[in-house]
Amino acid sequence: MEAIITSILNLISNEIPELSLVDEDYGQLETAEDTYPVTFPCALIGNMEADWEEIGLGIQKGVVTLTARLAIDCYDDTHIGSGTTEKTEERLRLANRLYTVLQCSRHCENMGPLYRTKTRFYSLPGMIKVYEYIFQFELHDGSAAE
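Procedures and definitions
Residues numbered from 1 in each chain as written. Predicted model: local features only at pLDDT ≥ 70, side-chain atom pairs only at ≥ 80, totals over all residues. Heavy atoms only, no water. Helix = DSSP H or I, 4+ residues; strand = E, 2+ residues; numbered from the N terminus. Buried < 20%, exposed > 50% of the residue type's maximum accessible area, 1.4 Å probe, protein only. Contact = heavy atoms within 4.5 Å. Areas by Shrake-Rupley, 256 points an atom, 1.4 Å probe, with all protein chains shown as cover. Expected span 1.5 Å × (residues − 1). Arc of directions from axis to C-beta. Polar contact = N/O pair within 3.5 Å; in protein donor to acceptor, adjacent residues only side chain to side chain. Core = buried A, V, L, I, M, F, W, Y, C linked by side-chain atoms within 4.5 Å.

### Quick word on the overall build of the protein chain
In terms of helices and strands, the protein chain carries two helices and five strands. Dimensions of the protein chain, computed from the C-alpha atoms along their principal axes, are close to 65 × 30 × 25 Å. Here the protein chain, with 146 residues, has 37% of them falling under the buried criterion. Partitioning the contacts of the protein chain with sequence separation of at least 6, the portion at a separation of at least 24 is 56%. With an accessible surface of roughly 8,400 Å², the protein chain has 49% of that area assigned to carbon and sulfur atoms.

### With respect to helix H2 (residues 86–102)
With 17 residues, H2 extends 25 Å from end C-alpha to end C-alpha; this agrees with the ideal 24 Å at 1.5 Å per step. As for H2, its buried residues are in contact with helix H1 (2–15), strand S2 (42–56), strand S3 (59–73), strand S4 (115–124) and strand S5 (128–141). A positive backbone phi angle near 70° is found at Cys104, which sits one or two residues after H2.

### What about H1?
An ideal rise of 1.5 Å per residue puts 20 Å on 14 residues; H1 measures up with 20 Å between its terminal C-alpha atoms. Here H1 has its buried residues at Ile4, Ile5, Ile8, Leu9 and Ile12. Seen along its axis, H1 keeps its buried residues to an arc of 130°; they face one direction. Relative to its buried face, H1 has exposed residues pointing more than 90 degrees away, namely Glu2, Ala3 and Asn14. Of the surrounding secondary structure, the elements contacted by the buried residues of H1 are strand S1 (21–24), S2, S3, H2 and S5.

### Some words on the environment of Thr6
Relative to the helices and strands, Thr6 is located in helix H1. Among the residues examined, Thr6 registers a relative accessible area of 45% and is labelled partly exposed.

### Focus on the side chain of His107
Relative to the helices and strands, His107 resides in the loop between H2 and S4. Polar side-chain contacts of His107 include one of 2.7 Å to the side chain of Ser7. A polar side-chain atom of His107 sits 2.8 Å from a polar atom in the side chain of Ser105. Excluding its chain neighbours within four sequence positions, the residues that come into contact with His107 are Ile4, Ser7, Ile8, Leu11 and Leu114.

### Overview of the side chain of Asp25
Inspection of the secondary structure puts Asp25 in the loop between S1 and S2. Residue classification places Asp25 among the buried positions, given a relative accessible area of 10%. Side-chain polar atoms of Asp25 contact the backbone nitrogen of Gly27, separated by 3.1 Å. At 2.8 Å, the side chain of Asp25 and the side chain of Arg69 are in polar contact. Excluding anything up to four places from it in sequence, Asp25 contacts Leu44, Ile45, Gly46, Asn47 and Arg69.

### Quick look at the nonpolar core
Counting residues in hydrophobic clusters, the biggest one holds 27 residues, and the most contacted among them are Ile12, Ile45, Leu98 and Leu102. Mapped onto this core, the elements with two or more residues apiece are H1, S2, S3, H2 and S5. The greatest single-element share of this core, amounting to six residues, is contributed by H2. Not counting residues up to four positions away in its chain, the partners in contact with Ile45 are Ile5, Ile8, Leu9, Ile12, Asp23, Glu24, Asp25, Leu66, Thr67, Ala68 and Leu102. Core analysis: the next-biggest nonpolar cluster, separate from the first, contains 10 residues, Leu21, Val38, Cys42 and Leu124 among them.

Here's what the structure looks like:
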């Protein structure tokens with residue numbers, strides 16, 4: 001699965017070059033600011049989870065879930081009448097680009113395409129907006145086969 005994460009990170013970095021950080025998600029957004037220099041906008045990929053089914057002879061088929069998060073610092077006043085409401089639309093367009101870059105992408109020969117299964121938008125302290133997408137894909141793993 002290591003190659004899959006690396007491939008996803010490279011795809012995002014190549015397709016959305018305006019992101020200042022593309023990385024594995026290991027809690028950077030939830031830790032104190034002085035422990036890790038997160039820059040915005042950023043895309044973080046992580047929280048992989050797999051449910052496996054034995055096919056036979058050490059070969060398994062899994063349904064893998066992973067999370068893609070786009071985080072943007074929101075210092076623009078976007079209330080109606082502010083004259084900068086287009087900043088909200090810009091953030092949503094960038095979030096949609098992350099989704100469209102990943103949707104149906106494949107990152108190794110043993111995996112099926114990524115499909116979005118859930119979307120969630122939320123805010124974090126420090127005026128950070130997070131656009132979160134949950135994707136699933138099938139993976140065949142023969143690494144334990146004899």
